[in-house]
Structure formats: structure tokens, C-alpha cells
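Structural characterization, general
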Amino acid sequence: MKKYLSISLLLLVALSCTDDKSADEILKFETRSNCSIVDDCASKVEILPLRTAGAMIGEVMLCKETAAGFMVVDYDYNIFCFNASGELQNKIARVGRGPQEYVSVDDVAVDRQGNLYILSQGTDVLVYTASGEFKGRHTLEAAASSVSVLDDGRLCFTLCHEEDAAYADDRLLFADAELKPLQSALPLRKTTLSAYGFGFEKLFRRPGATSGLYFQSHDRLQYSIDPQGTILKTYTLDFGDYAAPEELLQCRSQEELVDLVMKHDLYYVNNAFESRNFLLFNVIFQQKAAVPEVAVWIWDKRSRKSYIEHYPNEASPLFQLLQFPVNLAEDDTVWYLCDNEMLQAGQEEFAFLQALDIPSEVGYSLLKLRLALEGTYPKNSL
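In this text, all values refer to a predicted model and were calculated from it rather than measured experimentally.

1. Quick look at unusual backbone geometry
Of note, the phi angle at Y77 is positive, near 65°, even though the residue is not glycine. Residue placement: Y77 occurs in the loop between β4 (69–74) and β5 (79–83). What makes Y77 partly exposed here is its relative accessible area of 23%. The phi angle at Q121 is positive, at roughly 55°, despite the residue not being glycine. Relative to the helices and strands, Q121 is located in the loop between β8 (116–120) and β9 (124–128).

2. With respect to the pattern of salt bridges
If you walk through the whole model with that rule in mind, you get 10 salt bridges. Between R137 and D124 there is a salt bridge, with the nearest N and O atoms lying 3.4 Å from each other. With R137 in strand β10 (residues 134–139) and D124 in strand β9, this residue pair connects regions lying 13 residues apart in the sequence. The class for R137 is partly exposed, based on a relative accessible area of 35%. Residue classification places D124 among the buried positions, given a relative accessible area of 13%. Close ionic contact of D152 with R154 constitutes a salt bridge, the shortest N to O distance being 2.8 Å. What makes D152 exposed here is its relative accessible area of 52%. Accessibility expressed as a relative area gives 14% for R154, which makes it buried. Bridged by salt links that share partners, the residues K44, E46 and K368 form one connected network.

3. Describing the packing of aromatic side chains
In total, this model carries seven aromatic pairs according to the counting rule given. Pairing Y102 with Y128 gives two aromatic rings, centres 6.3 Å apart and planes at 85°, and the pair type is edge-to-face. Of this pair, Y102 sits in the loop between β6 (88–92) and β7 (107–110) while Y128 sits in strand β9, placing them 26 residues apart in sequence. Exposure remark for Y102: the relative accessible area of 0% places this residue in the buried category. A centroid spacing of 5.7 Å and a plane angle of 70° characterise the contact between Y128 and F134, whose relative ring orientation is edge-to-face. With a relative accessible area of 0%, Y128 lands in the buried category.

4. Some words on the nonpolar core
With 35 residues, the main nonpolar core has I298, L321, Y336, F352, L353 and L367 as its most contacted residues. Sort the elements by how many residues they give to this core and helix α4 (residues 317–322) lands first, with four residues. Apart from the residues lying within four places of it in its own chain, the contact partners of Y336 are L280, V296, L321, L322, F324, P325, V326, S365, L366, L367 and L369.

5. Focus on the pairing of β7
Neither face of β7 is left uncovered, since the one carrying D107 and A109 and the one carrying V108 and V110 both have all their residues buried. When β7 meets β8, the two strands line up antiparallel, connected through four bridges. Across the sheet, A109 pairs through a bridge with Y117, a residue of β8. Between β7 and β8, which pair antiparallel in sequence order, lie five residues; one of them, G114, sits at a positive phi of approximately 90°.

6. Concerning the sheet that holds strand β24 (residues 333–339)
As a general point, the strands of a sheet are linked pairwise by backbone hydrogen bonds and lie either parallel or antiparallel. Across the sheet, four strands lie side by side as β2-β25-β24-β23; this open sheet has antiparallel pairing. Each edge of the open sheet carries a strand with a single partner, namely β2 (42–49) and β23 (325–328). Pairs of neighbouring strands in the sheet enclose a mean axial angle of 20°, with direction left out of account. In this sheet, strand β25 (residues 364–371) lies alongside β2 in antiparallel orientation, the contact comprising seven bridges.

7. Some details on the environment of I284
Structurally, I284 can be placed in strand β20 (residues 278–286). The spatial distance from the C-alpha of I284 to the C-alpha of Y268 is 5.4 Å, given a sequence separation of 16 residues.

8. Some thoughts on the sheet that holds strand β3 (residues 60–65)
Pairing is antiparallel across the open sheet formed by four strands, whose spatial order is β3-β4-β5-β6. Strands with a single pairing partner mark the edges of an open sheet, and in this sheet they are β3 and β6. Ignoring which end each strand starts from, the neighbouring axes of this sheet average 15° apart.

Calculation notes
- Residues numbered from 1 in each chain as written.
- Predicted model: local features only at pLDDT ≥ 70, side-chain atom pairs only at ≥ 80, totals over all residues.
- Heavy atoms only, no water.
- Helix = DSSP H or I, 4+ residues; strand = E, 2+ residues; numbered from the N terminus.
- Buried < 20%, exposed > 50% of the residue type's maximum accessible area, 1.4 Å probe, protein only.
- Salt bridge = Lys/Arg side-chain N within 4 Å of Asp/Glu carboxyl O.
- Phe/Tyr/Trp six-rings, centres within 6.5 Å; stacked < 30°, edge-to-face > 60°.
- Core = buried A, V, L, I, M, F, W, Y, C linked by side-chain atoms within 4.5 Å.
- Contact = heavy atoms within 4.5 Å.
- Pairing = 2+ DSSP bridges.
- Axes fitted to C-alpha atoms, helices over the stretch in contact; angles between N-to-C directions.

As C-alpha cells, this is what we get:
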């Protein structure tokens, strides 16, 4: 959680849902707790241990579901590739400044052949095979903050806000496997320039989904997008009195941002996912000189009901288990990456863990929750 709470990331992320492409439906975030995500929203819970064959994963920075299984990146920029059964297939650790090495890992995408596309320092894209062999290095004309591989092999990059850069008016760039631009796309309406948009703007690929892409912006809008770059839905989130003021979203310097953050209480979303039936987001409330409050929020698109579970602070045992969502699949399965020690500690406290086979070794596991809300809503749902 310490990575989530840096002052540079205190920017509002906004969401909404609509069946009308020309209008937004505003979702209101409630500050009171109204459900238990596990007890009221999950019909089935499973655990998938990640077996590393002795390799050690450090503090996790990124975890993604891929066509072949799962991929984990730690803060030492080691990349671990697992199959769908949780067995380690390969580890890539090529940190350095050589022609076949990467300086950092901003994001990683994997195609259906297992090739890895590593985005480093915004503009460098390094390509490795599934076995870790170096295939090539490319340079983007504009800095990006995330990369996804579409089902047809095209790449899609989320471009950063740089007024004088190539594709300055665009937010997405489609390219082929050799990174030759195929099209730039989507101003996504007018998004707000910010000195700190780099860490927040993300692009999530929805495996098997019709729309294919979900764009998480750092301003008040987020989008569901088809593989051609057409906006299917726009999401807007209303945080009420805790919404970030417009001047905060227009900050151009760290000093200006810090000054405004100190004057306001803020909510922001650090992860957002979409399936055919649900939106899922992890919310952080940054209070003035206080320990942050956190929440998991599920929005049911069929019933238009919200399910929000609040935790008093980031030390909440249950939040420690649910703080790292990996994906929300089209079958309404939510994957969370969990530290095995947290699972072991929670086994005595939480009934839903007691019937599960908790791994005894140090490392990580994937906690799998199947959402089932239609017709069985909690009595106190909004």
C-alpha cells in the first residue's frame, strides 16, 4: 500500500456507467459501509498458489492475467510468468542499460504467442520471447504509461499528457507488432493535463470481452472502448464533497499539487476493472493528517446497485487480502493477488478461508472470488 499513497498519486479517478452513448449516468459513492464483499457478493472462493520453484518474488508492483496464465512484476523489475495452473514458466531479469536490457518496467503486455512487450521509461519498448530471448527494441514517438495487446496482435498504448509531444491531442495509439503506428485515436473528450497523469492512466484489456479495452484516466472520466478505438460507454463517479476540485486536476507542478492536497480531503481510485455485468474499483480516501480509509466498490450494471465495503484504514486484515485486484473476468470472477502469510493469518479470523487449502510456504497466491449478485442483493444495498 505504501506505493499507492505517495503524494504524486493523489489525483481523482472518475467513473460512470450508461447504456446511452451520448449521456453519462453518474454513480454516487457512499461514505457508509453497506455490505461484505466476501459474504454478500461472492458465491465461491478458491485459492491458486503461485509456485515459483524456489525463485523469490519481492514486493509486487504489477500482476496481470494473460492468455497463458498470469504475470507478476516486483519492484526489482523481475518478471515472473506463470501458466494457468500457477506453475512458474519463466523469469526475466534483464535490468540494465545495455541494448537488450530495460531500465524500468512501466507496464508489460503478453501476446498469444507468449511474447512480452515491456514498456520502460515511457518510450522504450523491449520485446522478449516466452523463454526470455531478446527479440527487439523499439522507441515510441510519444511517452506512454501502459500497453495492451489486442486479440488480433495489435498493440495499444495509453499516451501521456505532453502538450508539445507527438500525438499530443490523443490518448491512445494503435501499432503493429513492430510498433509502426496504425492509427492514433481518441481525445476521449477533453482530459485534464496534469504533471502526475503518468502513474494513473492505464489501459486494461478485457480477455474475451466484446469491447476489449478499459481506459482509466486521472480526470473525472473513464471509458469502455472497442478494439477499433470507439467509445462504447463513459463512466463518471461522484465523490460529492470529497471530489477533487478542478484546480487540483489542472496542477502543473509538484508544489502546486502538494499545496492543494493539503487543503482538501480526497477520494481516488487506484484500480478499476469492468466485466459485462460489473464495475469493480478499489477506492482510497486520503484524509488530512490521518490514516487513509479504503474501500472496495462493486457496481452492478444490470440492477444499477452499488455495493461498497469500507475499511477503517489500510491495516484492515480483510483489505490486506483484497488490496491487489488482478482482473475481473467476463465470467464475473475476480482475481486478487495475496501474500501467503496474510492468507495464513486470516484463516483463523475469516470463515470463508477456513474451508480452503492455504499454502504453507512463503510467497503469493491468487484468491479467486466469483461474484453473484443478481436476485440476491444484500438487504441494505443502496
